[in-house]
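# Inside the fold
What follows is the residue order along each chain.
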Amino acid sequence: MTDVRAPLNVSVGEARRLARRGRWLVVAIVYLIAMALFFRGQILSGFDLGFSDRADGLIEISILEHWRAVFAGAANWNVTGYFAPYPDTLGYNDGYLLYGVVYSFWRLFADPLLADTLTIATFKTIGFFAAYRLVVRVLGWERLAGLMVAMVFTNANGLMVQAGHAQVQTVALLPVAMILAFLAAREARGRRPIRGGLWAMALALLMAAWLLTAYYMAWFTLVFATLFALCWMMTSGNWRPSTLRRVAAPYYGVLAVGLASFAVALIPFLALYLPKMRESGGRAYPAAFPYLVLPGDVLNVGPSNYVWGWLFGASPGGEHSTGIAPFLFLLAVAALWRSIAAPSGPGQGFAPPLWRAAALAVTVSWLMTIRVGTVSGWAMVSDLVPGARGLRVVSRYQLFLVLPLLLIVTAVFRQVARRAWRRRPVILAAVLTLLVAEEFGSDVPVQLSRTRDGAVLAAAPAPPAPCRTFYVVSARRGDPPYGDAAHTALYPHNVDAMYLAARWTLPTINGFSSINPPDWDFANPRDPDYDLRVANYAARHAIEHLCRLDMARPQPWTEVDRGYAPLHVLP
């Protein structure tokens, strides 16, 4: 009879492999829970619904379809199917380059709306595992800390509430950028310039591609990194040129490679967006003023938050619902104060000035986005910081701050958490549960429908052969209003035209963006002068073989060049 008390004959190596598998199993389970919570709306709808609505969602998908056409060799990278015949039309909106790469892969297996959801899921996956690796492998902290940071970073309340704006989810690239920066610095410090240069080059390429994907989060990252470096120079006492040169000497080669790579990789971005900035004048401070962070916005998680919603019933919604969840905010304030006021503060394996610099950079930059009455430090940022005039919704900076705040909170309180784990695990479990629970609410914009929107637009008849360009009066039969009258006048026909132009690879003069071409005048398609406005635009730009789509008519296609004569649509 076997003695069950006998030790198992397991080698040390096998025991380590089993332990490693067990750890990764826990990580995988937490990841699946995090993804299921973030995508619960899609899952409960049987993946019929996707983030956003028929306006922003279809605009994004039309640009992703554009990239799919580019990779198939059917389109120029900088000219989308809308706003014809203007050049460099990709520059009127975020470029979505990295999204386009991932989306084009998913389109091999899925329809456009489902592929869009899978693209967001891919970036959320990158963010979760990169945040975990940053905490556990780079910072050397506990796995529980890594799981906690990854979970809250993935499911931050603001990222859910603002999920209708797909570009904000690119904040998932922030931990990737941090890891690359750490690897480049480590290799440079270890006198391995070739390896360091390769990591610096990878970081440069990532940042250039990120700028061409989603400007806000990439710009926030670059500005925060610059401010962090300045704060480090002050907190470490290395602000004098002679001292700074000596400290920076090991990093010169890696920095040179990184900056040179970034300068070259930035050329497509600058070539695309600088002309559009000159054309539109950018977004001066008055345009950003309504979207600055009000004092209450710092905590504004929206009235639908399950834990704190009762506090914010009267708070402004929309772009102002980007606040840090209250309990995390309290921990963050305490951690920022301790990091700034106590130079000998936390940071296992890191010099204290680094954490103090990070806390100062967070505090100063956050304060600059806040508006009290008519006064805000953003007026100075808008005038002095390059690229600031490319931003309008400044409140999105609070979404960027989620990861830096989580890291600073963890750095300050992880020793307290370790003691609580040994002495009062129930209290620690309650604290961690509250940190996760306060990030959730019912205000998740899951409105774009594969059956209602995708299928209806798929039913629109393709343009007849004579058409070289088209415009839309209505692309859906019995098209319901979109929101209020002002939004209905602007969005449905223009956005549907963008989507159909990408689907048919046929240019349209329609389109809509936060910045439109100078003579864009395509609102109110049912007004009597709409066709006249279109005709004047076509004459100015010498557009020939222009066709009109109106699904309210028995024969939806007519050709403008032939006096709106009906065009036969081939089956």
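Keep in mind the model is a prediction, meaning the values are calculated, not measured.

## Here we look at the pattern of salt bridges
Under the defined criterion, the tally for this structure stands at 20 salt bridges. The partner of Arg450 in a salt bridge is Asp111, and the shortest N-O contact between them spans 2.5 Å. With a gap of 339 residues between them, Arg450 in helix H21 (residues 450-458) and Asp111 in the loop between helix H4 (97-106) and helix H5 (112-138) connect regions that are remote in the sequence. On the basis of relative accessibility, which here comes to 27%, the residue Arg450 falls in the partly exposed class. Look at the salt bridges and you will find they share partners, linking Arg54, Arg452, Asp453, Arg476 and Asp496 into a network.

## Looking at the packing of helix H9 (residues 193-211) against helix H12 (residues 252-265)
The geometry of H9 relative to H12 is characterised by a closest axis approach of 8 Å and an angle of 30° between their N-to-C directions. Between H9 and H12, the crossing angle belongs to the class labelled roughly parallel. In the crossing of H9 with H12, the sense of the turn from one axis to the other is right-handed. Taken together, the residues of H12 that come into contact with H9 (itself represented by Pro193, Gly196, Gly197, Ala200, Met201, Ala204, Leu205, Met207, Ala208 and Leu211) are Val254, Val257, Gly258, Ser261, Phe262 and Ala265. Residue composition of the contact of H9 with H12, grouped by class: 12 nonpolar, four polar and no charged.

## A few points about the layout of surface pockets
Within this model, the second largest pocket holds a volume of roughly 650 Å³. Every residue lining the second largest pocket is counted, 24 residues in all, and those nearest its centre are Phe413, Arg414, Ala417, Leu428 and Leu432. Elements supplying a minimum of two residues to the lining of the second largest pocket: helix H6 (143-154), helix H15 (326-341), helix H19 (402-423) and helix H20 (425-437). Looking at which element gives the most residues to the lining of the second largest pocket, the answer is H19, with 11 residues.

## Observations concerning the pairing of strand S6 (residues 546-550)
Among the five residues in S6, five count as buried, and that is most of the element. Of the two faces of S6, the one holding Leu546, Arg548 and Asp550 and the one holding Cys547 and Leu549 are both buried throughout. Strand direction decides the pairing type here: S6 and strand S7 (residues 557-559), joined by three bridges, are antiparallel. Following the sheet pairing, Arg548 is matched in S7 by Thr558. Hairpin connection from S6 to S7: six residues lie between these consecutive antiparallel strands.

## Brief notes about the state of the cysteines
Per the counting criterion, the structure on display carries one disulfide. Bridging Cys467 to Cys547, the disulfide has an S-S length of 2.1 Å. Residues Cys467 and Cys547 share a disulfide whose torsion about the S-S bond is about -100°; that sign makes it left-handed. Pair noted here: Cys467 is in the loop between H21 and strand S5 (469-474) and Cys547 is in strand S6, with a separation of 80 residues, a long-range link. The pair Cys467 / Cys547 is uniform in exposure class, with both members buried.

So, how was this worked out
Residues numbered from 1 in each chain as written. Predicted model: local features only at pLDDT ≥ 70, side-chain atom pairs only at ≥ 80, totals over all residues. Heavy atoms only, no water. Salt bridge = Lys/Arg side-chain N within 4 Å of Asp/Glu carboxyl O. Helix = DSSP H or I, 4+ residues; strand = E, 2+ residues; numbered from the N terminus. Buried < 20%, exposed > 50% of the residue type's maximum accessible area, 1.4 Å probe, protein only. Axes fitted to C-alpha atoms, helices over the stretch in contact; angles between N-to-C directions. Parallel < 35°, antiparallel > 145°, perpendicular 65-115°, else oblique. Left-handed = near helix turned anticlockwise from the far one by under 90°. Contact = heavy atoms within 4.5 Å. Nonpolar A, V, L, I, M, F, W, Y, C, P; charged D, E, K, R; others polar. 1 Å grid on protein atoms, 1.4 Å probe; cavity = no way out; pocket = protein on both sides within 12 Å on 5 of 7 lines; lining within 4 Å. Points joined across faces, edges and corners; volume = space filled by probe spheres on them. Pairing = 2+ DSSP bridges. Disulfide = S-S within 2.5 Å.

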